[in-house]
Amino acid sequence: MTKLLELEVKNVVPFKHAKLDLDYEGITVIKGLNKDDGPKASNAAGKSRLVATIADLVLDESPNGKEDPSKVKNRKGKRKNRKEAIRVRLKKGKHEYTVTKIVGKGKTYEILRDGKSTDVRTVKYSQEKIQKLFGLSETQFYTRFYIDGTIPHTLITGSTKHRQEFIVDLFDLSN
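Analysis parameters
- Residues numbered from 1 in each chain as written.
- Predicted model: local features only at pLDDT ≥ 70, side-chain atom pairs only at ≥ 80, totals over all residues.
- Heavy atoms only, no water.
- Pairing = 2+ DSSP bridges.
- Helix = DSSP H or I, 4+ residues; strand = E, 2+ residues; numbered from the N terminus.
- Expected span 1.5 Å × (residues − 1).
- Buried < 20%, exposed > 50% of the residue type's maximum accessible area, 1.4 Å probe, protein only.

**Student:** I keep staring at the pairing of strand β5 (residues 107-113) and nothing clicks. Help me out?
**Tutor:** The side chains of a regular strand alternate between the sheet's two faces. The pairing of strand β4 (residues 95-103) with β5 spans seven bridges and is antiparallel. If you follow T98 over to β5, its bridge partner there is L112. As consecutive antiparallel partners, β4 and β5 are separated by three residues. Pairing between β5 and strand β6 (residues 116-117): two bridges, direction antiparallel. Looking at the pairing, L112 lines up with S117 of β6. Taking the residues that link successive antiparallel strands as the turn, the β5-β6 hairpin has two residues, and the phi of D114 there is positive, at about 50 degrees.

Right under this line is the structure:
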């Protein structure tokens, strides 16, 4: 089982630098205030964007990218002038991993196992290694690991066929 220990981001809008300690048992709820909109305004504080970086790292697609391709294209265009960095520390079995994704003009990854490089040379190999570390399909990830109220849930909005496919994937019943 994979356990997240820490999430750190740099230059991910709206954060110049943010770090979350996740090394505890239980459910994490992120709360935040947008100080520009008043003392009690929580809209546009960056809560969803911060946590969506985990999906961006694991699945190489932000949950927001599922909405409107033009918005994703515009975000990618804005990245060219700066480097975004997403770093996750996690524990799997007896080993601790640090996975870093840097996106700017290109995309690079660094994966450390117990502080030593695993020497990932290509983006594709890095993405495969990260998915193996988490060991979850997209359905499993969005159901067991990351829950976002903005993503319509298949059990509520899907057809009978989609619900069946969801259950088969969630519980890995295809074998």
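**Student:** Help me out: how do you make sense of helix α1 (residues 47-59) in this one?
**Tutor:** For an α-helix, 3.6 residues make a turn, and residues three or four places apart therefore share a direction. Counted at 1.5 Å a residue, the expected span for α1 with its 13 residues is 18 Å, and the 19 Å between its end C-alpha atoms agrees. Counting buried residues along α1, eleven of its 13 residues qualify, which places the element largely inside the surrounding structure. Residues of α1 that are buried: R49, L50, V51, A52, T53, I54, A55, D56, L57, V58 and L59. Positive phi shows up at D60, right after α1, with a value of about 60 degrees.

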